[in-house]
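The primary structure of each chain is shown beneath.
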Amino acid sequence: MISPRRNTARVDIDRVSDTSSRRRRDAVAVEEPLEIRIATAAGEEHQVAVTMRTPGDDFDLTAGFLFSEGLLAHRSDVADLRYCVEVETQEYNIVTVQLSETGRFDPAELTRNFYTTSSCGVCGKASLEAIEIRGCAPIPAEGPTVTGEIVRSLPEALRSSQPVFDRTGGLHAAGLFHVSGELQLLREDVGRHNALDKVIGERFLNGGLPLGDAVLAVSGRTSFEIMQKALAAGIPIVVAVGAPSSLAVDVAKEFGLTLVGFAKPTGFNVYTGRHRID
(Lines give C-alpha, C1' and ligand atoms only; values in the text may rest on other atoms or scores of the structure.)
Protein backbone atom coordinates (compact mmCIF):
# COMPACT_ATOMS: atom_id res chain seq x y z
CA MET A 1 0.00 0.00 0.00
CA ILE A 2 1.25 3.47 -0.87
CA SER A 3 1.25 5.97 1.98
CA PRO A 4 -0.64 9.21 1.31
CA ARG A 5 2.53 11.03 2.39
CA ARG A 6 4.92 12.15 -0.34
CA ASN A 7 8.26 10.40 -0.71
CA THR A 8 10.03 13.51 -2.05
CA ALA A 9 10.04 17.17 -1.04
CA ARG A 10 11.18 20.37 -2.79
CA VAL A 11 13.72 22.61 -1.05
CA ASP A 12 15.60 25.80 -1.96
CA ILE A 13 19.35 25.40 -2.45
CA ASP A 14 22.31 27.44 -3.62
CA ARG A 15 24.03 25.69 -6.50
CA VAL A 16 27.71 26.63 -6.34
CA SER A 17 30.22 25.98 -9.11
CA ASP A 18 33.76 27.21 -9.81
CA THR A 19 32.50 30.37 -11.48
CA SER A 20 29.00 31.06 -10.19
CA SER A 21 26.33 30.56 -7.55
CA ARG A 22 22.62 30.47 -8.25
CA ARG A 23 19.43 29.79 -6.35
CA ARG A 24 17.33 26.85 -7.44
CA ARG A 25 14.81 24.24 -6.30
CA ASP A 26 15.89 20.69 -5.67
CA ALA A 27 14.22 17.40 -4.76
CA VAL A 28 15.18 15.54 -1.59
CA ALA A 29 13.99 12.21 -0.21
CA VAL A 30 11.48 12.51 2.62
CA GLU A 31 12.48 11.02 5.96
CA GLU A 32 9.82 10.64 8.65
CA PRO A 33 9.31 8.42 11.70
CA LEU A 34 7.10 5.35 11.54
CA GLU A 35 5.85 3.96 14.83
CA ILE A 36 4.96 0.29 14.71
CA ARG A 37 2.35 -1.07 17.10
CA ILE A 38 0.86 -4.52 17.72
CA ALA A 39 -2.72 -4.96 18.94
CA THR A 40 -3.69 -8.36 20.30
CA ALA A 41 -7.03 -10.06 19.89
CA ALA A 42 -7.56 -9.44 23.62
CA GLY A 43 -7.48 -5.69 23.04
CA GLU A 44 -3.96 -4.94 24.33
CA GLU A 45 -1.80 -2.58 22.29
CA HIS A 46 1.99 -2.48 22.42
CA GLN A 47 4.46 -0.03 20.90
CA VAL A 48 7.11 -2.15 19.22
CA ALA A 49 9.53 0.23 17.52
CA VAL A 50 10.05 3.56 15.80
CA THR A 51 12.04 3.60 12.59
CA MET A 52 13.01 6.50 10.32
CA ARG A 53 11.79 5.74 6.82
CA THR A 54 10.71 7.16 3.48
CA PRO A 55 6.88 7.11 3.34
CA GLY A 56 5.45 4.54 0.98
CA ASP A 57 4.75 0.80 1.31
CA ASP A 58 4.37 1.34 5.06
CA PHE A 59 2.30 -1.81 5.57
CA ASP A 60 4.94 -3.86 3.77
CA LEU A 61 7.65 -2.26 5.91
CA THR A 62 5.74 -3.01 9.10
CA ALA A 63 5.04 -6.62 8.21
CA GLY A 64 8.57 -7.21 6.97
CA PHE A 65 10.12 -5.71 10.08
CA LEU A 66 7.96 -7.77 12.43
CA PHE A 67 8.54 -10.97 10.46
CA SER A 68 12.30 -10.57 10.15
CA GLU A 69 12.55 -9.78 13.87
CA GLY A 70 10.59 -12.93 14.74
CA LEU A 71 7.47 -11.17 16.05
CA LEU A 72 5.25 -12.48 13.24
CA ALA A 73 5.51 -16.02 11.93
CA HIS A 74 2.59 -16.58 9.55
CA ARG A 75 0.34 -14.50 7.32
CA SER A 76 -2.60 -15.87 9.28
CA ASP A 77 -1.27 -14.07 12.38
CA VAL A 78 -2.36 -10.75 10.84
CA ALA A 79 -6.03 -9.78 10.83
CA ASP A 80 -5.53 -6.18 9.69
CA LEU A 81 -3.04 -3.36 9.23
CA ARG A 82 -4.14 0.23 9.68
CA TYR A 83 -2.91 3.77 10.10
CA CYS A 84 -3.70 5.50 13.37
CA VAL A 85 -6.16 8.16 12.25
CA GLU A 86 -6.82 9.44 15.77
CA VAL A 87 -3.52 11.34 16.00
CA GLU A 88 -3.92 14.29 13.65
CA THR A 89 -0.31 15.32 13.11
CA GLN A 90 1.01 11.75 12.87
CA GLU A 91 -1.91 10.18 11.04
CA TYR A 92 0.22 8.37 8.51
CA ASN A 93 3.25 7.83 10.73
CA ILE A 94 1.74 5.18 13.02
CA VAL A 95 0.83 1.69 11.80
CA THR A 96 -0.93 -0.86 13.98
CA VAL A 97 -0.92 -4.57 13.22
CA GLN A 98 -4.09 -6.17 14.49
CA LEU A 99 -3.36 -9.79 15.36
CA SER A 100 -5.85 -12.51 14.54
CA GLU A 101 -7.28 -14.87 17.12
CA THR A 102 -4.44 -17.28 16.35
CA GLY A 103 -1.73 -14.62 16.42
CA ARG A 104 0.48 -14.64 19.50
CA PHE A 105 2.62 -11.84 20.91
CA ASP A 106 4.98 -12.02 23.86
CA PRO A 107 6.05 -8.53 25.08
CA ALA A 108 9.25 -10.08 26.43
CA GLU A 109 10.32 -10.58 22.81
CA LEU A 110 10.77 -6.81 22.54
CA THR A 111 13.74 -6.93 24.91
CA ARG A 112 15.18 -10.13 23.45
CA ASN A 113 14.98 -9.34 19.75
CA PHE A 114 16.37 -5.87 19.20
CA TYR A 115 20.10 -6.39 19.54
CA THR A 116 21.08 -5.77 15.93
CA THR A 117 22.36 -2.18 15.80
CA SER A 118 26.03 -1.64 14.99
CA SER A 119 26.62 0.24 18.25
CA CYS A 120 25.04 -2.24 20.66
CA GLY A 121 28.30 -3.97 21.54
CA VAL A 122 26.97 -7.53 21.32
CA CYS A 123 29.73 -9.89 20.26
CA GLY A 124 29.50 -11.85 17.03
CA LYS A 125 29.19 -15.26 18.71
CA ALA A 126 26.28 -14.10 20.87
CA SER A 127 24.51 -12.67 17.83
CA LEU A 128 24.87 -15.85 15.80
CA GLU A 129 23.63 -17.93 18.71
CA ALA A 130 20.65 -15.60 19.05
CA ILE A 131 19.70 -16.29 15.43
CA GLU A 132 19.86 -20.04 16.10
CA ILE A 133 17.73 -19.66 19.22
CA ARG A 134 15.10 -17.84 17.17
CA GLY A 135 14.88 -20.85 14.89
CA CYS A 136 16.46 -19.59 11.68
CA ALA A 137 17.51 -22.71 9.80
CA PRO A 138 20.59 -22.82 7.56
CA ILE A 139 19.97 -22.37 3.84
CA PRO A 140 20.02 -25.77 2.04
CA ALA A 141 23.23 -26.35 0.08
CA GLU A 142 21.25 -27.35 -2.98
CA GLY A 143 19.14 -24.79 -4.78
CA PRO A 144 19.50 -22.03 -7.33
CA THR A 145 22.69 -20.99 -9.05
CA VAL A 146 23.38 -17.77 -10.92
CA THR A 147 25.92 -16.96 -13.60
CA GLY A 148 28.70 -14.46 -13.07
CA GLU A 149 27.32 -12.46 -15.99
CA ILE A 150 24.00 -12.03 -14.22
CA VAL A 151 25.73 -11.04 -10.97
CA ARG A 152 27.68 -8.33 -12.80
CA SER A 153 24.45 -7.00 -14.32
CA LEU A 154 22.50 -6.67 -11.06
CA PRO A 155 23.86 -3.33 -9.78
CA GLU A 156 22.84 -1.52 -12.96
CA ALA A 157 19.50 -3.35 -13.09
CA LEU A 158 18.88 -2.23 -9.51
CA ARG A 159 19.98 1.33 -10.11
CA SER A 160 17.97 1.78 -13.32
CA SER A 161 14.77 0.73 -11.53
CA GLN A 162 14.91 3.37 -8.76
CA PRO A 163 12.49 6.18 -9.69
CA VAL A 164 12.83 8.15 -6.44
CA PHE A 165 16.63 7.87 -6.48
CA ASP A 166 16.54 9.38 -9.97
CA ARG A 167 14.83 12.47 -8.54
CA THR A 168 16.78 12.76 -5.28
CA GLY A 169 19.97 10.71 -5.36
CA GLY A 170 19.26 9.86 -1.74
CA LEU A 171 17.68 6.41 -1.41
CA HIS A 172 18.85 2.85 -0.94
CA ALA A 173 17.22 -0.03 -2.78
CA ALA A 174 16.59 -3.73 -2.28
CA GLY A 175 15.52 -5.84 -5.22
CA LEU A 176 14.46 -9.45 -5.69
CA PHE A 177 15.68 -11.02 -8.90
CA HIS A 178 15.16 -14.35 -10.61
CA VAL A 179 18.39 -16.21 -11.37
CA SER A 180 17.78 -15.23 -15.00
CA GLY A 181 18.31 -11.60 -13.99
CA GLU A 182 14.64 -10.63 -14.23
CA LEU A 183 13.63 -8.07 -11.59
CA GLN A 184 10.63 -9.30 -9.61
CA LEU A 185 10.25 -6.68 -6.87
CA LEU A 186 12.08 -3.52 -5.81
CA ARG A 187 11.61 -1.12 -2.92
CA GLU A 188 13.40 2.13 -2.02
CA ASP A 189 13.98 3.82 1.32
CA VAL A 190 16.41 6.14 3.10
CA GLY A 191 17.32 3.11 5.22
CA ARG A 192 18.67 0.05 3.42
CA HIS A 193 17.22 -2.20 6.15
CA ASN A 194 13.81 -0.60 5.59
CA ALA A 195 14.04 -1.20 1.85
CA LEU A 196 14.64 -4.90 2.51
CA ASP A 197 11.84 -5.05 5.08
CA LYS A 198 9.48 -3.58 2.48
CA VAL A 199 10.46 -6.34 0.04
CA ILE A 200 10.11 -9.10 2.62
CA GLY A 201 6.86 -7.64 3.95
CA GLU A 202 5.26 -7.57 0.52
CA ARG A 203 6.06 -11.23 0.03
CA PHE A 204 4.95 -12.09 3.58
CA LEU A 205 1.56 -10.42 3.16
CA ASN A 206 1.03 -12.14 -0.20
CA GLY A 207 2.07 -15.60 0.96
CA GLY A 208 5.34 -15.60 -0.97
CA LEU A 209 7.78 -16.75 1.73
CA PRO A 210 10.26 -18.38 1.91
CA LEU A 211 12.22 -16.97 -1.04
CA GLY A 212 14.35 -20.01 -1.76
CA ASP A 213 14.71 -19.31 -5.49
CA ALA A 214 15.49 -15.60 -5.29
CA VAL A 215 18.59 -13.46 -5.60
CA LEU A 216 18.62 -10.36 -3.41
CA ALA A 217 20.50 -7.29 -4.64
CA VAL A 218 21.10 -4.35 -2.31
CA SER A 219 22.65 -0.94 -2.76
CA GLY A 220 25.39 -0.01 -0.35
CA ARG A 221 27.06 -2.40 2.06
CA THR A 222 25.86 -5.59 3.72
CA SER A 223 25.62 -5.64 7.50
CA PHE A 224 24.58 -8.21 10.07
CA GLU A 225 21.00 -6.89 9.86
CA ILE A 226 20.79 -7.34 6.10
CA MET A 227 22.03 -10.92 6.29
CA GLN A 228 19.79 -11.76 9.26
CA LYS A 229 16.73 -10.50 7.39
CA ALA A 230 17.73 -12.36 4.21
CA LEU A 231 18.18 -15.54 6.25
CA ALA A 232 14.78 -15.13 7.93
CA ALA A 233 13.18 -14.85 4.47
CA GLY A 234 15.08 -17.90 3.17
CA ILE A 235 17.03 -15.98 0.50
CA PRO A 236 20.07 -18.03 -0.59
CA ILE A 237 22.04 -15.43 -2.59
CA VAL A 238 22.79 -11.84 -1.56
CA VAL A 239 24.57 -9.47 -3.95
CA ALA A 240 25.70 -6.05 -2.73
CA VAL A 241 27.12 -3.04 -4.49
CA GLY A 242 29.29 -2.28 -1.46
CA ALA A 243 31.36 -4.12 1.11
CA PRO A 244 30.21 -6.60 3.75
CA SER A 245 30.96 -6.27 7.43
CA SER A 246 32.85 -9.04 9.21
CA LEU A 247 29.71 -10.15 11.01
CA ALA A 248 27.77 -10.26 7.73
CA VAL A 249 30.38 -12.69 6.43
CA ASP A 250 30.13 -14.73 9.64
CA VAL A 251 26.34 -15.01 9.31
CA ALA A 252 26.60 -16.01 5.64
CA LYS A 253 29.23 -18.65 6.39
CA GLU A 254 27.44 -20.02 9.46
CA PHE A 255 24.05 -20.35 7.77
CA GLY A 256 25.06 -21.28 4.22
CA LEU A 257 24.22 -18.09 2.30
CA THR A 258 26.08 -16.95 -0.78
CA LEU A 259 27.41 -13.44 -0.17
CA VAL A 260 28.75 -11.27 -2.99
CA GLY A 261 30.19 -7.78 -2.48
CA PHE A 262 31.60 -4.97 -4.61
CA ALA A 263 29.48 -6.13 -7.55
CA LYS A 264 29.97 -4.09 -10.72
CA PRO A 265 30.10 -4.74 -14.48
CA THR A 266 33.80 -5.59 -14.34
CA GLY A 267 33.66 -8.11 -11.51
CA PHE A 268 32.74 -8.93 -7.91
CA ASN A 269 34.00 -10.58 -4.72
CA VAL A 270 32.51 -13.85 -3.45
CA TYR A 271 32.86 -14.07 0.33
CA THR A 272 30.89 -17.25 0.96
CA GLY A 273 28.87 -19.81 -1.01
CA ARG A 274 30.94 -19.89 -4.19
CA HIS A 275 29.10 -23.06 -5.32
CA ARG A 276 26.03 -21.02 -6.28
CA ILE A 277 27.95 -18.82 -8.76
CA ASP A 278 28.46 -20.47 -12.16
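Here the structure is a predicted model, which means the values were calculated and not measured.

Student: Describe the overall build of the chain, and please don't skip the residues or the numbers.
Tutor: Across its full length, the chain carries eight helices and 12 strands. For the chain, the residues scored as buried account for 50% of the 278 residues in total. Counting contacts in the chain only where the partners sit at least 6 residues apart, residues at least 24 apart contribute 55% of the total. When the accessible area of the chain is evaluated, it comes to approximately 12900 Å², of which 49% is carbon and sulfur surface.

Student: For the side chain of Lys198, give the residues involved together with the corresponding values.
Tutor: Locating Lys198 in the fold gives a position in helix H6 (residues 192–205). We classify Lys198 as buried; its relative accessible area is 1%. Those residues within four positions of Lys198 in sequence are excluded, and the remaining contacts are Thr54, Gly56, Asp57, Asp60, Leu61, Arg187, Glu188 and Asp189.

Student: Provide a residue-level description of the nonpolar core, including the pertinent values.
Tutor: One finds Val48, Leu66, Leu176, Leu216, Met227 and Leu257 to be the most contacted residues of the largest nonpolar core, which totals 55 residues. Aside from chain neighbours lying at most four places away, what touches Leu257 is Ile139, Met227, Ala230, Leu231, Ile235, Pro236, Val238, Val251, Ala252, Thr272, Gly273 and Arg276. With 15 residues, the next largest nonpolar core counts Val151, Leu158, Val215 and Ile277 among its residues.

Student: Describe the confidence of the model for the chain, listing the residues and the values that go with them.
Tutor: Across the chain, pLDDT averages 88, with 89% of residues at or above 70. A low-confidence stretch, residues 115–121 stays under pLDDT 50, and its non-local contacts, those more than four residues away or across chains, total 13 contacts.

Student: Summarise the pattern of salt bridges; cite the residues concerned and give the values.
Tutor: Applying the stated criterion across every chain, the model contains 13 salt bridges. Here Glu32 makes a salt bridge to Arg53, at a shortest N to O gap of 3.9 Å. With Glu32 in strand S3 (residues 32–39) and Arg53 in strand S4 (residues 45–53), the pair connects residues that are 21 residues apart, well separated along the chain. Here Glu32 matches Arg53 in class, with each residue buried. As a salt-bridge pair, Arg37 and Glu45 come within 3.1 Å of each other at their nearest N and O atoms. Residue classification places Glu45 among the partly exposed positions, given a relative accessible area of 43%. One continuous salt-bridge network, built from bridges that share partners, spans Glu32, Arg53 and Asp58.

Conventions adopted
Throughout this description, residue numbers start from 1 for each chain and increase along the sequence as written. The predicted origin of the model limits local features to residues at a pLDDT of at least 70 and limits the giving and counting of side-chain atom pairs to 80 or more, whereas totals for whole chains, interfaces and linings rest on all residues. Each side-chain value is derived from all of the structure's non-hydrogen atoms; neither hydrogens nor water enter the calculation. Helix numbering and strand numbering both begin at the N terminus, where a helix is a DSSP run of H or I of at least 4 residues and a strand a DSSP run of E of at least 2. Each residue is assigned to one of three classes by its accessible area relative to the maximum for its type, calculated with a 1.4 Å probe on protein chains only: buried under 20%, partly exposed between the two thresholds, exposed over 50%. Any two residues whose heavy atoms approach within 4.5 Å at even a single point are treated as in contact. Exposure was quantified through the Shrake-Rupley algorithm and a 1.4 Å probe, taking into account, for residues, occlusion by the shown protein chains and nothing else. Grouping buried Ala, Val, Leu, Ile, Met, Phe, Trp, Tyr and Cys residues that are joined through side-chain atoms within 4.5 Å yields what is termed a nonpolar core. Scored from 0 to 100, pLDDT records how confident the predictor is in each individual residue. Here a salt bridge means any side-chain nitrogen of Lys or Arg lying within 4 Å of a carboxyl oxygen belonging to Asp or Glu.

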